[in-house]
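Listed below, chain by chain, are the residues.
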Amino acid sequence: MKHQYHPLGFEGSRLSQGFWRMNEWGFNPQERLRFIEQSIDLGVTTFDHADIYGDYRCESLFGDALAIKPDLRKSMQLITKCGIHLPCEQRPDVVRYRYDHTAEHIIRSAEQSLANLKTDYLDLLLLHRPSPLMDPDGVADAFEHLFTLGKVKHFGVSNFSPAQFDLLQSRLETPLIVNQIELSVLEPKHIEDDMLNHLQQHAVTPMAWSPLGGGALFGEDQSSKRLCNVRQIIQSIANELNVSMDQVALAWLLKHPSRICPILGSGKVDRLSSAVGALNVAMSDDHWFDIWEASRGERLP
Amino acid sequence: MKHQYHPLGFEGSRLSQGFWRMNEWGFNPQERLRFIEQSIDLGVTTFDHADIYGDYRCESLFGDALAIKPDLRKSMQLITKCGIHLPCEQRPDVVRYRYDHTAEHIIRSAEQSLANLKTDYLDLLLLHRPSPLMDPDGVADAFEHLFTLGKVKHFGVSNFSPAQFDLLQSRLETPLIVNQIELSVLEPKHIEDDMLNHLQQHAVTPMAWSPLGGGALFGEDQSSKRLCNVRQIIQSIANELNVSMDQVALAWLLKHPSRICPILGSGKVDRLSSAVGALNVAMSDDHWFDIWEASRGERLP
Amino acid sequence: MKHQYHPLGFEGSRLSQGFWRMNEWGFNPQERLRFIEQSIDLGVTTFDHADIYGDYRCESLFGDALAIKPDLRKSMQLITKCGIHLPCEQRPDVVRYRYDHTAEHIIRSAEQSLANLKTDYLDLLLLHRPSPLMDPDGVADAFEHLFTLGKVKHFGVSNFSPAQFDLLQSRLETPLIVNQIELSVLEPKHIEDDMLNHLQQHAVTPMAWSPLGGGALFGEDQSSKRLCNVRQIIQSIANELNVSMDQVALAWLLKHPSRICPILGSGKVDRLSSAVGALNVAMSDDHWFDIWEASRGERLP
C-alpha cells in the first residue's frame, strides 16, 4: 500500500492514521507503541498529527511512545500541521482561537512538533487552515528555512480553496504536495466543485479528513431521508460484495481518479485493519454512481 | 456562414443542426436526405449527433440517408458525442444511466458512431457529460488512438465546468476546441459566471444547446413574470426590426463576443431557414442589454 | 504614504481621494483647489474620478480648480474610468444606463476626461464595470492607442471577477494594475472568495470603494444584529487603541496582505485627515479576526 503522494516525492501509505483523539484513547505509552507497530504491520505507515490535537498534547503522547523504540521512525512518515492558536489549559496566553501564519510562528511550531514527536524531521508540514492574513512570502521564508535545515522534507496545506492554494504556491519554490480536505460519502461537495479537478490537474494529493462522515453512517438516526438513502445503498453494496460498510465508504473515496488518501482516526486496531481491507474492494462504476446519486439527492444529469 | 471554431482548425458553419429528435420526425430515408441537402443549401453544414440520441438510433437514421448520396459527406461536418450509457430497449445490458469515459468505451463508441453514420471519420468527438470518474490520461490515450487512425479530426467536451475543462486539457496534446453548454435568453447564467470568460480566453467555441430556451418563449404560459418580460421584450425587438422572435433569441447569442454557435433542433426546414436569418439581424447593444435585464430580472449594476 | 501599486510601476498614495460627489460639496473653484492642496499636504496624492461621476460633471469641477494652479498636476496622480453610458441631463442622447467598451468609446471618453480634468495625461484609466459585450481585442487596441500617444500611463479595471480579469489581461500587452472592488468591514465577501487571492497572486492592487461601508457603521440603525455587532467591536477596538471608528475600519483593510488601497469620498478635510491616521493604527491580528468574525456572523472554522 505504498503510495507516491506527488511526482516530486513523498512516499507514504495510501491510508494514513490520524491521532487527533489519541488523548482520549486512554493508552499508556506501551499501548501506544503497540498501536503504532500494529499500524505499521498493517501497512499504514503515514501518521497524521497537528500541533493543536488534544489541546496540544497528542504529538507528545505519540513521541513518548516512539521514544521507547526510536528505530521505528524510519518505518513511518510523520505529518503535522501548524498555523492555529487554540485557547486551552496548555496555552493560557491564547485568548481566542486564531490563525497565525507568520514565519516566526510556523518555525517555532514546527520545532515544537519535532520536540514533541521526538524526531529530527517531519516528512510533511501543513498549514492547518487558510488565513486571510497569511503573507505568502513569509510562509515561503519559513518553509525554506525548515527545509534547508532538514527539519521538514515536504510541505502542504489543509482546507485551502483552489485560489488560496494557487496564491501560496505562486510564492514557493517547493511544491505543495497535499491538501487535506473534508470528503466522504456524506460530504461529497468537492466531487462536483473545482477542488478535486484543481488538485488532480496539479498532481496534488487530496487527503480526506472525516472520510467516514463522522460516524452518522453507522448510527440509527432516521431523521434525514438522504442519510437513510446513503446508508441503505452502502449497506446493500456491502452485502453484495461481502464487505463491511466502512470498507464501502472508503472504497468510494479510493476509486476517485484524483487518488484520494483517507485519514483514519480510530484507536481500535480492528477498525484500522478493516479500513485496510477497503483497498481490495472491487467497487464497480455502477456502485460508485449509486452512492453518489444517493448522496447528492438527485439523479445524474 | 462558414465559421472557424478554433485557431488550430475545424471550419464548420456558425449554426449547426442537431438530430437528437430525428427519430420523432417520421421521415423516410429520402425525406431525411432531402432535409440534409436543404440544410446544406442553407449553409448549415455542421451536424450535431450523440451516440445516445433517440435511444441510440438517430445516428443510423442519419447514416442511412447519407448512404443514399455518400458524396454529401465532403460538404458537411459531423459532430458526435460519447461517454454515457443509456438504459433503453436498444441496450438491454445497461441497467442505469451512467457515465463511462474509459478509453475502451470512448474508442468503441466512436467506432460505432462511424458505422452508424456511414462515414470514415468524425470531424469532432465530444465527451457528453463530465464524470467524476474520468481518468484524463485514459481519455488522452483514446483521443490519440482515434486521431492517429484518422477516425476523429478534433475533440471537445459538453457541459464541462472551467475546472473540469482545464483538468482534461492539461493531459491532452490536442486542444479541446468546443464546449457545448446550455445557453439561451431563458438560461443566461453562463453570461455572468466564469464559463464564457474562460472559453473565450482560451479561444474555445461555446456551442449553445437549447438556444431557444426549449420553446417556452413561444408559448402562452403567463405564470412567470420573468418569462413574460423576456417574451415581451423579444416580441418588441422583433417588431421593431421586422424579424421573428426566434431570430431575435438567436441573434442575442450570436452577438456575444465569445462567438457562440447555436445548435438548432427542429426537423422543419422553414424553422431552419428562419434561424439562418438570425445571422443578419442588426441587434444593437441596447437591444442586447434590454433582453439581458429582462432575463436576469434586475437592472445592470 | 507613497505606495507602489504594481511591480511594473505607478507610484501613488496608499489612500486615494474620490470625487464622485464633488458636485454635492457646494465648493467654488478656490475651495476645490484648497481641498486638493490640503489632500496633497496630507499625503493623499492619488485622485479617483470617473467620467460619469456627478452626471458627467465632477471631472470638470476638478479640472477647473486644477487650472488655477496647473503646477499641482505633477504632485498628484489622476485615475478615471470609462465604459458606461449614463442617462442624465448632460447626455440627452443616452436613453438607458448601458455599458460600452468599444475602442471608439474608450478613446473618446478618455480624451474627454483629459479635457475635463485639464491635463495632458491620465495616470490610470479603468473600465468601470465588466460587460458581457466587451471585445477584449478592441479594448487592447484602445489601450495601446492611448498609451502610445502618452495620454494614459497605466490601465486597470473595476468590479471585474477573476475570470473577467484573466480574459481581458490575456489580450493585453500592458498589465492591468488595479481592480477597484467594493470592500469594507460590512462588505467582506471578497475576503473569503477568490477575488483577493487572485489579485494578490498576480500582484494587482485591490482598490476598495465604499471602504467605510457607506456610513451605516456610524449610524444608529439597530435593526441588524450583525451591524450592531460589527459596530460594537469596532467601537471597542477604537476605544482600546484610542483612535476613531473610521480609522479602525480603514486599518482593517490596510492590514490585509493584498495591500488594499481604500478610496475615500468625503469633502471634509478633517475626515480625510482622520483617514490618514489609519495608516498608523497598530491593529493586532486579534483585532482583525474579532472584526471579521463579527462581520461574517460566525466563528472561524
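Residues numbered from 1 in each chain as written. Chains lettered and ligands numbered in written order. Predicted model: local features only at pLDDT ≥ 70, side-chain atom pairs only at ≥ 80, totals over all residues. Heavy atoms only, no water.

(A) Geometry of the overall build of chain A. Regarding its fold elements, chain A presents 12 helices and 12 strands. Expected size for 301 residues packed as a compact globule is a radius of gyration near 19 Å; at 19 Å, chain A falls within 12% of this value. For the C-alpha atoms alone, the extent of chain A along its principal axes is close to 50 × 45 × 40 Å. Expressed as a percentage of contacts within chain A between residues at least 6 apart in sequence, the contacts between residues at least 24 apart total 74%. Accessible surface computed for chain A: about 12100 Å², of which carbon and sulfur atoms make up 47%. For chain A, the distance from the average site of its 29 positive side-chain charges to the average site of its 39 negative ones is 3 Å. (Helix = DSSP H or I, 4+ residues; strand = E, 2+ residues; numbered from the N terminus. Rg over C-alpha atoms; globule rule 2.2 N^0.38 Å. Contact = heavy atoms within 4.5 Å. Areas by Shrake-Rupley, 256 points an atom, 1.4 Å probe, with all protein chains shown as cover. Lys, Arg positive; Asp, Glu negative; His and termini not counted. Charge placed at Lys NZ, Arg CZ, Asp CG, Glu CD.)

(B) Main features of the interface of chain A and chain B. Taken residue by residue, the interface counts 19 residues in chain A and 17 residues in chain B. Taken over both partners, the interface formed by chain A and chain B buries close to 1700 Å², and the fraction arising from carbon and sulfur atoms is 56%. Where chain A touches chain B, the interface holds four salt bridges. A salt bridge links R98 of chain B to D290 of chain A, with the nearest nitrogen and oxygen atoms 2.4 Å apart. Inspection of the region where chain A meets chain B yields nine residue pairs in polar contact (both at pLDDT 80 or more). Listed by contribution, the elements that provide at least two residues to the side of chain A that touches chain B are helix 7 (189-192), helix 8 (194-201) and helix 12 (285-296) of chain A. (Buried area = accessible area lost by both parts, 1.4 Å probe. Salt bridge = Lys/Arg side-chain N within 4 Å of Asp/Glu carboxyl O. Polar contact = N/O pair within 3.5 Å; in protein donor to acceptor, adjacent residues only side chain to side chain.)

(C) Quick look at the interface of chain A and chain C. Between chain A and chain C, the contact holds 17 residues from the first and 19 residues from the second. Where chain A abuts chain C, roughly 1700 Å² becomes buried across the two surfaces, and 56% of that area is made up of carbon and sulfur atoms. If you sort the residues of chain A by the area they bury against chain C, R98, P132 and L133 of chain A come out on top, with a joint share of 40%. Applying the counting rule to chain A against chain C returns four salt bridges. One salt bridge connects R98 of chain A with D286 of chain C, and the closest N-O pair in it is separated by 3.3 Å. At the surface where chain A touches chain C, the tally comes to nine residue pairs in polar contact (both at pLDDT 80 or more).

(D) Representation of the UniProt feature "domain: NADP-dependent oxidoreductase" (unreviewed entry) in chain A within the structure. Using the residue numbers shown here, the UniProt feature "domain: NADP-dependent oxidoreductase" (unreviewed entry) corresponds to residues 15-291 of chain A. In this annotation, residues 15-291 of chain A is assigned 43% helix and 16% strand; the end-to-end C-alpha distance for the span is 21 Å. (UniProt positions renumbered as here; feature names shortened; annotations may be inferred.)

(E) The packing of helix 9 (residues 225-241) of chain C against helix 10 (residues 245-254) of chain C, seen in detail. Residues and elements named next belong to chain C. Where helix 9 contacts helix 10, the axes come no closer than 8 Å and their chain directions differ by 105°. Classified by the interaxial angle, the pair formed by helix 9 and helix 10 is roughly perpendicular. Across the interface between the two elements, R231, I234, Q235, I237 and A238 from helix 9 touch M245, V248 and A249 from helix 10. (Axes fitted to C-alpha atoms, helices over the stretch in contact; angles between N-to-C directions. Parallel < 35°, antiparallel > 145°, perpendicular 65-115°, else oblique.)

(F) The arrangement of helix 5 (residues 136-148) of chain C in detail. An ideal rise of 1.5 Å per residue puts 18 Å on 13 residues; helix 5 of chain C measures up with 18 Å between its terminal C-alpha atoms. Where helix 5 of chain C is concerned, the buried positions are P136, G138, V139, A140, A142, F143 and L146 of chain C. If you follow the buried residues of helix 5 of chain C, they end up packed against helix 8 (194-201) of chain B together with helix 4 (103-117), strand 8 (122-127), strand 9 (152-158), helix 6 (162-170) and strand 10 (176-182) of chain C. Its side-chain oxygen 3.1 Å from the backbone nitrogen of D137 of chain C, D135 of chain C forms the N-cap of helix 5 of chain C. Looking one or two places after helix 5 of chain C, you find G150 of chain C, whose phi comes out positive at around 75°. (Expected span 1.5 Å × (residues − 1). Buried < 20%, exposed > 50% of the residue type's maximum accessible area, 1.4 Å probe, protein only.)

(G) Spotlight on the sheet that holds strand 10 (residues 176-182) of chain A. Residues and elements named next belong to chain A. Taking strand neighbours around the barrel as the criterion, the eight strands line up as 3-4-5-8-9-10-11-12 in a closed arrangement whose pairing is parallel. The mean inter-strand angle of the sheet, taken between neighbouring strand axes irrespective of direction, is 30°. Examined bridge by bridge, strand 4 (residues 46-48) and strand 5 (residues 77-82) share three bridges and lie parallel to one another. By the bridge assignment, T46 is partnered in strand 5 with Q77. (Pairing = 2+ DSSP bridges.)

(H) Inspection of the packing of aromatic side chains at higher detail. Under the definition given, this model contains 51 aromatic pairs over all chains. Here Y99 of chain A and F289 of chain C contribute two aromatic rings whose centre-to-centre distance is 5.7 Å and whose plane-to-plane angle is 85°, an arrangement assigned as edge-to-face. Taken as a pair, Y99 of chain A in strand 7 (residues 98-99) and F289 of chain C in helix 12 (residues 285-296) lie in two separate chains rather than in one. Taking relative accessible area as the criterion, Y99 of chain A reaches 3% and is therefore assigned buried. Ring centres of W252 of chain B and W288 of chain B lie 4.8 Å apart, and the angle between their planes is 10°; this geometry places the pair in the stacked category. One end of the pair, W252 of chain B, is in helix 10 (residues 245-254); the other, W288 of chain B, is in helix 12 (residues 285-296), and 36 residues separate them in sequence. Pair check on accessibility: W252 of chain B and W288 of chain B agree, each one buried. It is K153 of chain C that lies over the ring of Y121 of chain C; its NZ or CZ is 4.7 Å from the centre. (Phe/Tyr/Trp six-rings, centres within 6.5 Å; stacked < 30°, edge-to-face > 60°. Lys NZ or Arg CZ within 6 Å of the ring centre and 35° of its normal.)

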